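# A closer look at the structure
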Amino acid sequence: MRMLLSVAAVLLVPACSYAQGPKTCEDLKTEIAAKLDAKGVKSYTLEVVAKDQDADGKVVGTCGGGTKRIVYRKSAGAAEKSAEKEPSKP
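Cut-offs applied
Residues numbered from 1 in each chain as written. Predicted model: local features only at pLDDT ≥ 70, side-chain atom pairs only at ≥ 80, totals over all residues. Heavy atoms only, no water. Helix = DSSP H or I, 4+ residues; strand = E, 2+ residues; numbered from the N terminus. Contact = heavy atoms within 4.5 Å. Core = buried A, V, L, I, M, F, W, Y, C linked by side-chain atoms within 4.5 Å. Buried < 20%, exposed > 50% of the residue type's maximum accessible area, 1.4 Å probe, protein only. Disulfide = S-S within 2.5 Å. Pairing = 2+ DSSP bridges. Axes fitted to C-alpha atoms, helices over the stretch in contact; angles between N-to-C directions.

### Overview of the environment of T45
In this fold, T45 is placed in strand β1 (residues 44–50). Sequence-wise, T45 and G57 are 12 residues apart; in three dimensions their C-alpha atoms are separated by 9.7 Å. What T45 contacts, discounting residues up to four positions off in sequence, is V71, Y72, R73 and S75.

### Some details on the nonpolar core
Counting residues in hydrophobic clusters, the biggest one holds 10 residues: C25, L28, I32, A33, L36, Y44, L46, C63, I70 and Y72. In terms of residues, this core owes the most to one element, helix α2 (residues 25–38), which gives five residues. The contact partners of L46, leaving out residues within four places of it in the chain, are K29, I32, A33, L36, V60, I70, V71 and Y72.

### Focus: the state of the cysteines
Scanning the model with the defined rule gives one disulfide in all. In this model, C25 is linked to C63 through a disulfide, with the two sulfur atoms separated by 2.1 Å. Taking the torsion about the S-S bond as the criterion, the C25 to C63 disulfide, at about 100°, is right-handed. Taken together, the positions of C25 in helix α2 and C63 in strand β2 (residues 58–63) put the pair 38 residues apart, joining distant regions of the chain. The burial state of C25 is the same as that of C63; both residues are buried.

### Brief notes about the sheet that holds β2
The sheet built from three strands is open, its strands ordered β1-β3-β2 with antiparallel pairing. Looking at strand neighbours, the two that pair on one side only are β1 and β2, the edges of this open sheet. Averaged over all pairs of adjacent strands, the angle between strand axes in this sheet comes to 25°, irrespective of strand direction. Packed on one face of the sheet, α2 meets β1, β2 and β3 (68–74) and runs near 155° to β1.

### Some remarks on the pairing of β2
Strand direction decides the pairing type here: β2 and β3, joined by five bridges, are antiparallel. Residue C63 lies in a different strand from β3, and its bridge partner there is K68.

Without other data, these values stay purely geometric and don't point to any function.
Right, dumping it as structure tokens:
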């Protein structure tokens, strides 16, 4: 009997996670933004684009059942600041 209950519990736990369904694109985008902020990343944009759409930047996640991608881009302000920090070589 214990074996039957153990097997039922093992099969039931994954079913509960599927019942919650996949995350929405906005939820995933918010989670990624929170992780970037926690790491101290400044001046960036996250954009949700169609999977087949060309996008400049790094793909950091997929959502919508694989139909959309979340693309990370550094903002122009970040590129200018890094250029200011590097001394120009003559």
